[in-house]
Structures are given as structure tokens and as C-alpha cells.
Amino acid sequence: AARAKLLAAWALTLQVSEMSDRNEPLGDLASAAKLFATEAAAEVEFQLAPLFGGIGVSKGHRLEELRGGIHVARVYEGAREVQEMIIAKKMGKQLQ
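Residues numbered from 1 in each chain as written. Predicted model: local features only at pLDDT ≥ 70, side-chain atom pairs only at ≥ 80, totals over all residues. Heavy atoms only, no water.

S.K.: Explain the environment of T13 to me, using residue names and the numbers behind them.
M.R.: For T13, the location among the structural elements is in helix α1 (residues 2-21). For T13, a relative accessible area of 35% corresponds to the partly exposed category. C-alpha of T13 to C-alpha of A33: the two residues are 20 residues apart in sequence and 5.6 Å apart in space. When neighbours within four sequence positions are excluded, T13 is seen to be in contact with A33 and A37. (Helix = DSSP H or I, 4+ residues; strand = E, 2+ residues; numbered from the N terminus. Buried < 20%, exposed > 50% of the residue type's maximum accessible area, 1.4 Å probe, protein only. Contact = heavy atoms within 4.5 Å.)

Structure below.
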């Protein structure tokens, strides 16, 4: 299931990128892609951590680096709440 989520996140991100390259309107699709991708990555990291035990949190280990990158994507590059607000606002407009 984890690999499927990562593949879906990749496909959605690629679609948004291609649409952006063609100057097509993205609406809330970019926010949805970012939210889905960062949440999928966090879920995969959470599932992998127990497999590596203590070494997975050791400085310099690839899993520890991945965790740091996910944290940056979730917090500093657009908090989850902000992405959700953008999506909800667009959905509200569509329902009116």
C-alpha cells in the first residue's frame, strides 16, 4: 500500500507539473498534490522506521535524512492546514 501511495503521489505531481508547463489553470490541484505527496511520504517513513530500529534515527542515516525532508515539506514549505484551507475554499466555490 505504501508503494502505491508513493506512485500515486508521483503521478499526481507529474500531472500538475505538466499542466503548469502548459500554463493550464491549476486551481487547487497543486495544493492537493502537495498535501497528498507529503502525507504519503510521512506515512511511508512512519511504516519504515520500525524496520530499521534505532539505526534509522541515527544522524547521517538515509531514513533520518528522509524524515527531516518530510518535516520541511510539511511545516516550512506550506503547512498542511494551509493546503487544506486552499482546497476547502475551492470546494466551497464549486458548491455555490
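S.K.: Break down the confidence of the model for the chain for me, citing the residues and quoting the values.
M.R.: Mean pLDDT for the chain: 79, with 68% of residues reaching 70 or above. At the low end of the mean pLDDT range in the chain sits helix α3 (residues 62-75), at 64; at the high end sits α1, at 93. (pLDDT = per-residue confidence, 0-100.)

S.K.: Quick rundown of the side chain of D28? Include the residues and the values.
M.R.: Following the sequence through the fold, D28 ends up in the loop between α1 and α2 (29-52). Ignoring any residue separated from it by four or fewer positions in sequence, one finds D28 in contact with I86, I87 and K90.

S.K.: Describe the environment of I86, naming the residues involved and giving the relevant values.
M.R.: With respect to the helices, strands and loops of the structure, I86 is situated in helix α4 (residues 80-95). Along the sequence, I86 and S31 sit 55 residues apart, while their C-alpha atoms lie 6.9 Å from each other. Discounting residues that sit within four places of it in the chain, I86 has contacts with D28 and S31.

S.K.: Run through α1, naming residues and quoting values.
M.R.: Along its 20 residues, α1 runs 29 Å from first to last C-alpha, staying within 8% of the 28 Å computed at 1.5 Å per residue. Every buried residue of α1 is accounted for by A2, A9, V16 and M19. The buried residues of α1 occupy an angular sector of 120° when projected down its axis, which confines them to one face. Pointing more than 90 degrees away from the buried face of α1 are the exposed residues R3, W10 and D21. (Expected span 1.5 Å × (residues − 1). Arc of directions from axis to C-beta.)

S.K.: Kindly report on the environment of V82, identifying the contributing residues and their values.
M.R.: Looking at where V82 falls in the secondary structure, it is placed in helix α4. When the C-alpha atoms of V82 and L35 are compared, they prove to be 9.5 Å apart, with 47 residues separating the residues in sequence.

S.K.: Just give me the short version of the pattern of salt bridges, but keep the residues and values in it.
M.R.: All chains considered together, the criterion is met by two salt bridges. When the shortest N-O distance is used, the salt bridge between E43 and K5 registers 2.8 Å. In this pair, E43 sits in helix α2 while K5 sits in helix α1, placing the two residues 38 residues apart along the sequence. Accessibility expressed as a relative area gives 30% for E43, which makes it partly exposed. Where E24 meets R22, a salt bridge forms, and the shortest distance between an N and an O atom there is 2.5 Å. E24 sits in the partly exposed class, given a relative accessible area of 32%. (Salt bridge = Lys/Arg side-chain N within 4 Å of Asp/Glu carboxyl O.)

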